[in-house]
Protein chains: 2
Amino acid sequence: MRQFVVCGHEVPVEPTFSLDDLPGSGGRLDLLCRCVGAGLFTSHGIRDARVHLVVDDQLTVEFDGATARNLNPDERSTAARVRDALESERDAIGHQPAEVSRGVKLYRTGLDATLDRLDGTLVQLHEDGDPATAVEPPTDPVFVLSDHREFTGEEASLLSGRADHRLRLGPRAIHADHTIAVAHNWLDTDGYASY
Amino acid sequence: MRQFVVCGHEVPVEPTFSLDDLPGSGGRLDLLCRCVGAGLFTSHGIRDARVHLVVDDQLTVEFDGATARNLNPDERSTAARVRDALESERDAIGHQPAEVSRGVKLYRTGLDATLDRLDGTLVQLHEDGDPATAVEPPTDPVFVLSDHREFTGEEASLLSGRADHRLRLGPRAIHADHTIAVAHNWLDTDGYASY
């Protein structure tokens, strides 16, 4: 299974934001919602993939393509799901998540504990990584990305320590949602070998 | 310059939709707005690229990355620009566009006349096209994509007649905005040769 972990640095832990202002009071939640769409949707279906939104290194909202129902790819409806999840915080106890709706869970975990929970090959995207054409796509990749801000020093050093691969998908830094689309394409084509 | 033409089949020509309901009354304008973002934005900048949204084969809203100001990548603010453009319809006369704001224009043209106006190599994305790895990326590509619906018969036959290349970017049908991200990556890496 393919998984994408996206670190949100400005999304408020308290869901006080307006759905009319995702870039502002939502702390660039618009971008994180596009990451959910890029991670889960194909043209006529939904992938067997998961997207994990890490909010302020404290809470993680998990979207599971295999079990989620009635997800739509637009930012606003996805943001409403995130808001519902953050409102369920008190129902998440220890490492047990709150079940917000089918396929959507809220964990009381930051990046480190979220990565502990996930099985797969951890892929760090890095400008000094190996070019994608030189790496065989792993079967169960876990990609970790940041929102519009750089990884914090703590996150970056955690990833450097844990990553199984350092990968470069292209020469330009692009938005996290576009990176997810490119990563899926790399995997869909078996590393650009199979169209 | 890279250009992307996206055919919207359900976006209303009269801008009567609500910014709170882009997938519904907006006729999947959410998707078209994500196409604008995917076409124009990099992580820390804006590309010298243009995105042309063809609305119901009657009107075309052009976003020009080189001259646009204060564009944001979220759906809602982009949709507000599209609404402003559609409201300027009466200012577009013949083939002269209405200047809606810097870098945003409204033309009274459908797909055929829009393609007449654009210089470059017309690339048709097609499941029976050549794999991207077998095609040298053109210098000035014009990609034509459809929204959540298939091209109409008329559009498809028009494209078949005009296309310089038929290209396959991968084995799965994906959303138009994700396709644009993948196409940019193909071009950025010079056909996966240069990372």
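Note that the structure is predicted; figures quoted are calculated from it, not measured. (Residues numbered from 1 in each chain as written. Chains lettered and ligands numbered in written order. Predicted model: local features only at pLDDT ≥ 70, side-chain atom pairs only at ≥ 80, totals over all residues. Heavy atoms only, no water.)

S.K.: Any chance you could break down the overall build of chain A for me, citing the residues and the numbers?
M.R.: Per the secondary structure count, chain A includes 5 helices and 10 strands. The C-alpha atoms of chain A give 16 Å as radius of gyration, which agrees with the globular expectation for 195 residues (16 Å, within 12%). Expressed as lengths along the three principal axes of its C-alpha atoms, the size of chain A is roughly 45 × 40 × 30 Å. A burial count over chain A gives 57% of its 195 residues as buried. Across chain A, the fraction of contacts at a sequence separation of at least 24, relative to all contacts at a separation of at least 6, is 66%. In the form shown here, chain A has an accessible surface area of approximately 7,900 Å², with 40% of it arising from carbon and sulfur atoms. Averaging the positions of the 19 positive and the 33 negative side-chain charges in chain A gives two centres separated by 4 Å. (Helix = DSSP H or I, 4+ residues; strand = E, 2+ residues; numbered from the N terminus. Rg over C-alpha atoms; globule rule 2.2 N^0.38 Å. Buried < 20%, exposed > 50% of the residue type's maximum accessible area, 1.4 Å probe, protein only. Contact = heavy atoms within 4.5 Å. Areas by Shrake-Rupley, 256 points an atom, 1.4 Å probe, with all protein chains shown as cover. Lys, Arg positive; Asp, Glu negative; His and termini not counted. Charge placed at Lys NZ, Arg CZ, Asp CG, Glu CD.)

S.K.: Requested: an account of the side chain of B:His178, with residues and values cited.
M.R.: Residue placement: B:His178 occurs in helix H5 (residues 176–188). A polar contact of 3.5 Å, which involves the side chain of B:His178, links it to the side chain of B:Asp177. The contact partners of B:His178, leaving out residues within four places of it in the chain, are A:Gly37, A:Ala38, A:Phe41 and A:Ala181. (Polar contact = N/O pair within 3.5 Å; in protein donor to acceptor, adjacent residues only side chain to side chain.)

S.K.: Kindly report on the pairing of strand S1 (residues 2–8) of chain A, identifying the contributing residues and their values.
M.R.: Two faces make up the sheet, and in a regular strand the side chains alternate between them. Residue and element names in this part refer to chain A. Most of S1 is tucked away: 7 of the 7 residues are buried. Along S1, one buried face is formed by Arg2, Phe4, Val6 and Gly8 and the opposite face, lined by Gln3, Val5 and Cys7, is buried too. Bridge analysis of S1 against strand S9 (residues 141–146) gives 5 bridges, and the strand direction is parallel. Directly across from Phe4, in S9, lies its bridge partner Phe143. (Pairing = 2+ DSSP bridges.)

S.K.: So what about unusual backbone geometry? Which residues, and what values?
M.R.: Negative phi is the rule for most residues except glycine; trans is the rule for most peptide bonds. Residues and elements named next belong to chain A. In this model, Asp57 sits at a positive phi of 55 degrees, which is unusual for a non-glycine residue. Of note, Asp57 is situated in the loop between strand S4 (49–55) and strand S5 (59–64). The class for Asp57 is partly exposed, based on a relative accessible area of 38%. A positive phi is found at Tyr192, a non-glycine position, where the angle reads about 65 degrees.

S.K.: Give me the sheet that holds strand S10 (residues 165–168) of chain B: which residues, what numbers.
M.R.: Residues and elements named next belong to chain B. Pairing is mixed in the open sheet, where 8 strands are placed in the order S6-S7-S5-S4-S1-S9-S8-S10. A single partner strand is all that each edge strand has here, and the edge strands are strand S6 (98–101) and S10. Mean inter-strand twist for the sheet, computed between neighbouring axes without regard to direction, equals 30 degrees. Set on the sheet, helix H1 (residues 29–40) makes contact with strand S1 (2–8), strand S4 (49–55) and strand S5 (59–64); between it and S4 the angle comes to about 165 degrees. (Axes fitted to C-alpha atoms, helices over the stretch in contact; angles between N-to-C directions.)

S.K.: Explain the side chain of A:Thr109 to me, using residue names and the numbers behind them.
M.R.: Of note, A:Thr109 is situated in the loop between strand S7 (104–107) and helix H3 (111–117). Apart from the residues within four sequence positions on either side, A:Thr109 is in contact with A:Gln58, A:Leu59, A:Thr60, A:His95, A:Thr114 and A:Arg117.

S.K.: Any details on the environment of A:Leu122? Residues and values, ideally.
M.R.: Structurally, A:Leu122 is set in strand S8 (residues 121–131). Setting aside its immediate chain neighbours within four residues, A:Leu122 contacts A:Leu115, A:Val142, A:Val144, A:Leu159, A:Arg162, A:Ala163, A:Asp164 and A:His165.

S.K.: So what about the pattern of salt bridges? Which residues, and what values?
M.R.: Per the stated rule, a full pass over the model turns up 28 salt bridges over all chains. When the shortest N-O distance is used, the salt bridge between A:Asp30 and A:Arg28 registers 3.0 Å. Close ionic contact of B:Glu75 with B:Arg34 constitutes a salt bridge, the shortest N to O distance being 2.8 Å. Of this pair, B:Glu75 sits in helix H2 (residues 75–87) while B:Arg34 sits in helix H1; the two residues are 41 residues apart in sequence, bridging distant segments of the chain. For B:Arg34, a relative accessible area of 5% translates into the label buried. In this structure, a network of salt bridges that share partners links the residues A:Arg28, A:Asp30, A:Arg34, A:Glu75 and A:Asp177. (Salt bridge = Lys/Arg side-chain N within 4 Å of Asp/Glu carboxyl O.)

Any functional reading would require information that these geometric values do not contain.
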